[in-house]
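Notes for the structure review
Spelled out from the first residue to the last, the chains are:
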Amino acid sequence: MDRTDLIQKSHTEAQTEKTGLTKEEFDYAQDVIRKLEAYYDRRVVGQTRLRTSLIAALLAEGHILIESVPGLAKTTAAKAISDAVDGKFSRIQCTPDLLPGDIIGTQIYHQESGKFETIFGPVFANFVLLDEINRSSAKTQSAMLEAMQERQVTIGGVTYRMPQDVFLVIATQNPIEQEGTYPLSEAQTDRFLLKEIITYPTPEEEVRILDRMDMDAPEKEPPALSVADVDRVQRITGRVYADASVKEYIARLVDATRHADEHLPEDLQGYVRMGASPRASIAFLRTARAIALMQGRTYVIPDDVKEMCHPVLRHRVALNYAAAADDVAVETVLDALAGSVRTP
């Protein structure tokens, strides 16, 4: 073991004392994370950035929005994470005629008994895949707000709680430029902890995809983990140490989005219409803790925050029409903002 490893080991042990994480808890979390990553890699070619965000969202007890053009394995990636855990899974294919009751449930009147029966919708599951969420109407999209934020739904005036252990919504959407889409409102997108954008595979990755197509279909792989495993690691993740300096860095970074023109270079000024809400700061802290644990640490460093800059902010920082006209991507603005904030 070289000097760098010894320093990191010493630092990890010191932070373990502060957080109260035992070595057994840390090793347990590492084992769960490695199993999730391995399961994903056996199902999906490439898309390692998406793998990181999916696992981070799961560990941080948040929800994730995935965007790409059709055919880039959004659904496959979502299923890979949900299939890795032996929990209840529901898939909702969103269409323009989908109603709120189709998601959260409804009441059915039985004439014989003269009573109403509550039928729970597919949202009552540990993992909910909302496929092509922006093909459903705004009224149907809003039906998920209470479930995602409060972990409860109201049916017939009665409130019902969602699963108390693991509840992850993975929503996919097509770019808003495509026909037949209804853009999500800011209130809806803000409920997603992260937003990830999938890009096209490289030619080498596409060859691997074709090779897999030529292979015999493998038998269905059993889940690698239980809901209890994930629930325990979620609680461990919440106790990963984050120093006051890291929290201050998060606050400064989010505040910079609200006063963008004071931080951006002249060629990017005037493009930001709306900065990020405090949910962005919460998302940074929660996902940075998950990233630290995924990197084999019990403490957060500023690089963990920087790594999640795009997924946390790209759907919370709104650009105006001038940015669209000038073909300025939100990621370009975010990089400039992050570069203007001093790293502790």
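What counts, and where the lines are drawn
Residues numbered from 1 in each chain as written. Predicted model: local features only at pLDDT ≥ 70, side-chain atom pairs only at ≥ 80, totals over all residues. Heavy atoms only, no water. Helix = DSSP H or I, 4+ residues; strand = E, 2+ residues; numbered from the N terminus. Rg over C-alpha atoms; globule rule 2.2 N^0.38 Å. Buried < 20%, exposed > 50% of the residue type's maximum accessible area, 1.4 Å probe, protein only. Contact = heavy atoms within 4.5 Å. Areas by Shrake-Rupley, 256 points an atom, 1.4 Å probe, with all protein chains shown as cover. Lys, Arg positive; Asp, Glu negative; His and termini not counted. Charge placed at Lys NZ, Arg CZ, Asp CG, Glu CD. Axes fitted to C-alpha atoms, helices over the stretch in contact; angles between N-to-C directions. Parallel < 35°, antiparallel > 145°, perpendicular 65-115°, else oblique. Left-handed = near helix turned anticlockwise from the far one by under 90°. Nonpolar A, V, L, I, M, F, W, Y, C, P; charged D, E, K, R; others polar. Pairing = 2+ DSSP bridges. Core = buried A, V, L, I, M, F, W, Y, C linked by side-chain atoms within 4.5 Å.

**Things to note about the overall build of the protein**
Regarding its fold elements, the protein presents 15 helices and 13 strands. The C-alpha radius of gyration of the protein comes to 21 Å, within 12% of the 20 Å expected for a compact globule of 344 residues. Overall, the protein is about 75 × 50 × 50 Å in size when its C-alpha atoms are taken along their principal axes. Counting the 344 residues in the protein, one finds 49% classified as buried. The contacts of the protein with a sequence gap of at least 6 include a subset with a gap of at least 24, amounting to 78%. Counting only carbon and sulfur atoms, one obtains 52% of the accessible surface of the protein, whose full area is about 16,800 Å². Put simply, the protein has 39 plus and 52 minus side-chain charges, and the middle of one group is 5 Å from the middle of the other.

**Comments concerning the packing of helix α10 (residues 244–258) against helix α11 (residues 278–294)**
Contact pair α10 / α11: the axes reach a minimum separation of 9 Å and the direction vectors enclose 140°. Judged by the angle between their axes, α10 and α11 are oblique. Crossing geometry of α10 relative to α11 is assigned as right-handed. Facing α10, whose interface residues are K247, I250, L253, V254 and R258, α11 presents P278, A280, S281, F284, L285 and R289. The class makeup of the residues in the contact of α10 with α11 is 7 nonpolar, 1 polar and 3 charged.

**Details of the sheet that holds strand β10 (residues 194–197)**
What the 5 strands build is an open sheet, ordered β3-β6-β9-β1-β10; its pairing is parallel. Two strands lie at the open edges of the sheet, namely β3 (89–93) and β10, each paired on one side alone. Averaged over all adjacent pairs, the angle separating strand axes in this sheet is 15°, with direction ignored. Examined bridge by bridge, β3 and strand β6 (residues 127–131) share 5 bridges and lie parallel to one another. Bridge pairing in β6 links F89 to F127.

**A short note on the nonpolar core**
The tendency in soluble globular proteins is for nonpolar side chains to be buried as a group. By size, the foremost hydrophobic cluster in this structure holds 80 residues, and its most contacted members are L54, F284 and L313. Aside from chain neighbours lying at most four places away, what touches F284 is I250, L253, V254, V305, M308, C309, V312 and L313.

**A short note on the pairing of strand β8 (residues 158–161)**
Across 4 bridges, strand β7 (residues 152–155) lies against β8 in antiparallel orientation. Among the inter-strand pairings, V153 is bridged to a residue of β8, identified as Y160.

**Focus on helix α4 (residues 74–83)**
Extensive coverage of α4 is indicated by the burial of 7 of its 10 residues. Buried residues of α4: K74, A77, A78, A80, I81, S82 and D83, and no others.

**Focus on unusual backbone geometry**
Positive phi values are uncommon outside glycine, yet R151 reaches one of about 55°. Within the element layout of this structure, R151 appears in the loop between α6 (138–150) and β7. Note on R151: relative accessible area 15%, which makes it buried. You will see that D327, though not glycine, has its phi angle at about 60°, which is positive. As for its position among the elements, D327 is in the loop between α14 (321–325) and α15 (330–340).

**Brief notes about the environment of D131**
Relative to the assigned elements, D131 resides in strand β6. Assessed through its relative accessible area of 5%, D131 is described here as buried. Sequence separation between D131 and K74 is 57 residues; the distance between their C-alpha atoms is 8.8 Å.

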